[in-house]
Amino acid sequence: MRTQVAIIGAGPAGLLLSQLLHDRGIDTVVLEARGRDYCERRQRAGMLEQATVDVLRAAGAADRLDREGLVHHGIHLRFAGTDRHIDFPSRTGGRSVTVYGQTEIVKDLIAKRVAEGARLYFDAPVTSIEGIDGDAPRVRFVRDGVEEVLDCELIAGCDGFHGVSRAAIPADVLRTYERVHPFAWLGILAEVAPSTDDLIYAYSERGFALHSMRSSEVSRLYLQVAPDADLADWPDERIWAELRERLALPGWTLDEGPISERSITPMRSFVAEPMSFGRLFLAGDAAHIVPPTGAKGLNLAMADVRVLGDAVGEWYERGSRGGLDAYSDTCLRRVWRAEHFSYWMTTLLHLDPGAAEFEQRCQLAQLAYVADSEAAMDSLAENYVGYTWAD
Ligand code: RFL
Ligand code: PHB
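None of the values given here were measured: they were computed from a predicted structure.

Asks: Teacher, can you tell me more about the overall build of the protein here?
Replies: Looking only at helices and strands, one finds ten helices and 20 strands in the protein. Radius of gyration (C-alpha) of the protein: 21 Å, near the 21 Å computed for a compact globule of 391 residues. Projecting the C-alpha coordinates of the protein onto the three principal axes gives extents of approximately 65 × 45 × 40 Å. Looking at the protein as a whole, 53% of its 391 residues qualify as buried. As presented, the protein carries roughly 16500 Å² of accessible surface, and 49% of it is formed by carbon and sulfur atoms. Within the protein, the 59 negative side-chain charges are centred at a point lying 2 Å from the centre of the 41 positive side-chain charges.

Below is the structure:
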């Protein structure tokens, strides 16, 4: 089998890249380890920056997003029985964010790619990547129990944190930076209308809670739990009781409904540098992970792919490697900004059981400051909607 660009992974990054390259007349093959159904059901992120919405529109994959996405103009910061609404448009020159589930983006992109006859293979795990330091790289994968070879010109490693691509960069070239946070998130989908207009990020002495949503009928809620927490210890009543306590505000009630999905996600910050080597280019979670508090994971993945799509286009259309050579540095500047913001939001809003009293007092002082200072709220808003560099 042969293609121009081999794409490993059919998450949002791999699927969008395949679409953007197809739109430029560049041939791709997408190899995905899991089945289509699994990819379309995996519950994950839901908050899209304007730039993510824009790139999905440019790819012609935003019809349903434009109909069903919920535009949000801010967030609520809730703690100590108070609620501070931070408005985005007035603080960011008119920008806002959109709630639309990652699952829906994946469904929309798969449907479009399949309808256009893309070579998108599910249940086809990549086992190894070869020759990325030469000009004829190849990818080995398994399909129907048989090993196959895909010859290509470039490889996009969009295979998430646990994929195989990152390890293909020689160990003496690759540097990684990591922080594992001392808590996890228990996330639920509940069949009940959201009890809020904008998302609520809540700090409490019992830990962090987040009230998000997927539609006018479906709520998405998260609780900070211990990193080794077991879902078996979290029956529905305990989840709702804890959410009620942590989100409590005088005069406000949390509506409850049947829980249709639940999972626990560990919290990690991680960056791999460089994001490319020879003919291999990493994008999305394959190269970096953020804790979800800043809602940046999916947005970073889409931003990488936007840059990579342009760079690959420049290479094929004008024979210039400039964009590809700059790819890693271009992305890493945005990645590290988002890493800091996500880390900052996480440490601001979570209860760290190991923190000394001094740190705890500083955290409370910082929370009070963020909810009071116009400059601090401007900064939070600017980062939340997606920071764009001045140059
Ligand atoms: P993905 O979505 O992980 O897709 C990678 C794809 O690669 C496939 N794969 C392989 N395919 C072929 N051969 C192999 N050897 C392969 N190894 C892996 C996988 O099956 C998968 O289909 O990465 P991508 O495209 O970079 O997208 C990134 C986003 O998914 C991610 O940043 C966010 O979802 C992160 N994230 C969250 N972000 C938020 O902003 N808010 C959230 O609430 C939130 N919840 C989450 C999350 C990530 C999670 N993970 C990764 C465990 C919840 C979870 C559980
Ligand atoms: C979500 O809706 O899943 C979501 C929203 C905001 C976050 C994290 C997750 O910070």
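After that view, the rundown keeps rolling.
Asks: Help me understand the site of ligand 1, please; the structure alone is not making it clear to me.
Replies: Lining the immediate environment of ligand 1, one finds 30 residues, of which Glu32, Arg42, Arg44, Gln102 and Asp285 sit closest. With respect to ligand 1, the side chain of Arg44 contributes an N or O atom lying 2.8 Å from an oxygen atom. Gln102 places a polar side-chain atom, nitrogen or oxygen, 2.7 Å from an oxygen atom of ligand 1. Coverage of ligand 1 by the protein amounts to 84% of the 1000 Å² it exposes when considered alone. With three residues, the top contributor of residues to the shell around ligand 1 is helix H7 (residues 297–318). Class assignment of the residues belonging to the shell around ligand 1 gives a composition of 15 nonpolar, eight polar and seven charged.

Asks: I'm lost on the site of ligand 2 in this one. Help?
Replies: Surrounding ligand 2, one finds 14 residues, the nearest of these being Tyr201, Ser212, Arg214, Tyr222 and Pro292. For ligand 2, an oxygen atom lies 2.8 Å from a polar atom in the side chain of Arg214. Between ligand 2 and the protein, one listed contact pairs an oxygen atom with a backbone N or O atom of Pro292 at 2.8 Å. Relative to its free-state accessible area of 280 Å², ligand 2 is covered by the protein chains to the extent of 98%. Of the residues belonging to the shell around ligand 2, the class tally is eight nonpolar, three polar and three charged.

Asks: Got a minute to help me understand the sheet that holds strand S10 (residues 138–143) in this structure?
Replies: Ordered in space as S9-S10-S11, the three strands form an open sheet in which the pairing is antiparallel. One side of each edge strand has no neighbouring strand; the edge strands of this open sheet are strand S9 (126–130) and strand S11 (146–151). Taken pair by pair, the neighbouring strands of this sheet meet at an average axis angle of 20°, ignoring direction. Where S9 and S10 come together, four bridges link them in antiparallel fashion. By the bridge assignment, Ile129 is partnered in S10 with Val139.

Asks: What exactly am I supposed to notice about the nonpolar core here?
Replies: Generally speaking, soluble globular proteins have nonpolar side chains that are buried together. Counting residues in hydrophobic clusters, the biggest one holds 69 residues, and the most contacted among them are Leu16, Leu31 and Ile155. Per element, the largest residue contribution to this core is ten residues, and it comes from H7. Dropping the residues within four chain positions of it, Leu16 is found in contact with Val55, Leu56, Ala59, Leu109, Met302 and Val305. Counting residues in hydrophobic clusters, the runner-up holds 32 residues, among them Phe183, Leu199, Met377 and Tyr384.

Asks: What's the story with the environment of Leu70 in this structure? I'm lost.
Replies: Along the chain, Leu70 turns up in strand S4 (residues 70–72). Each C-alpha atom, one on Leu70 and one on Asp37, is 25 Å from the other, the two residues being 33 residues apart in sequence.

Asks: Whenever I open this one, the environment of Ile129 confuses me. Can you help?
Replies: Tracing the chain through its elements places Ile129 in strand S9. Since its relative accessible area comes to 15%, Ile129 is described here as buried. Along the primary structure Ile129 and Ala248 are separated by 119 residues, whereas in three dimensions their C-alpha atoms are 51 Å apart. Dropping the residues within four chain positions of it, Ile129 is found in contact with Ile8, Arg138, Ile155, Ser165 and Ala168.

Asks: What should I look at first to understand the side chain of Arg246 in this one?
Replies: Looking at where Arg246 falls in the secondary structure, it is placed in helix H6 (residues 236–247). Under the relative-accessibility criterion, Arg246 is labelled buried at 6%. Leaving out residues up to four positions away in the same chain, Arg246 has contacts with Ala202, Ser204, Arg206, Gly207, Phe208, Ala209, Leu223 and Gln224.

Asks: Explain the pattern of salt bridges here, please?
Replies: Between side chains of opposite charge, a pair can form when the charged atoms approach closely. Scanning the entire structure with this criterion turns up 30 salt bridges. Across the pair Asp108 and Arg64 runs a salt bridge whose closest N-O atoms are separated by 2.9 Å. One end of the pair, Asp108, is in helix H5 (residues 102–115); the other, Arg64, is in helix H4 (residues 63–68), and 44 residues separate them in sequence. Residue Asp108 is classed as buried on the basis of its relative accessible area of 15%.

Calculation criteria
Residues numbered from 1 in each chain as written. Chains lettered and ligands numbered in written order. Predicted model: local features only at pLDDT ≥ 70, side-chain atom pairs only at ≥ 80, totals over all residues. Heavy atoms only, no water. Helix = DSSP H or I, 4+ residues; strand = E, 2+ residues; numbered from the N terminus. Rg over C-alpha atoms; globule rule 2.2 N^0.38 Å. Buried < 20%, exposed > 50% of the residue type's maximum accessible area, 1.4 Å probe, protein only. Areas by Shrake-Rupley, 256 points an atom, 1.4 Å probe, with all protein chains shown as cover. Lys, Arg positive; Asp, Glu negative; His and termini not counted. Charge placed at Lys NZ, Arg CZ, Asp CG, Glu CD. Near = heavy atom within 4 Å. Polar contact = N/O pair within 3.5 Å; in protein donor to acceptor, adjacent residues only side chain to side chain. Nonpolar A, V, L, I, M, F, W, Y, C, P; charged D, E, K, R; others polar. Pairing = 2+ DSSP bridges. Axes fitted to C-alpha atoms, helices over the stretch in contact; angles between N-to-C directions. Core = buried A, V, L, I, M, F, W, Y, C linked by side-chain atoms within 4.5 Å. Contact = heavy atoms within 4.5 Å. Salt bridge = Lys/Arg side-chain N within 4 Å of Asp/Glu carboxyl O.

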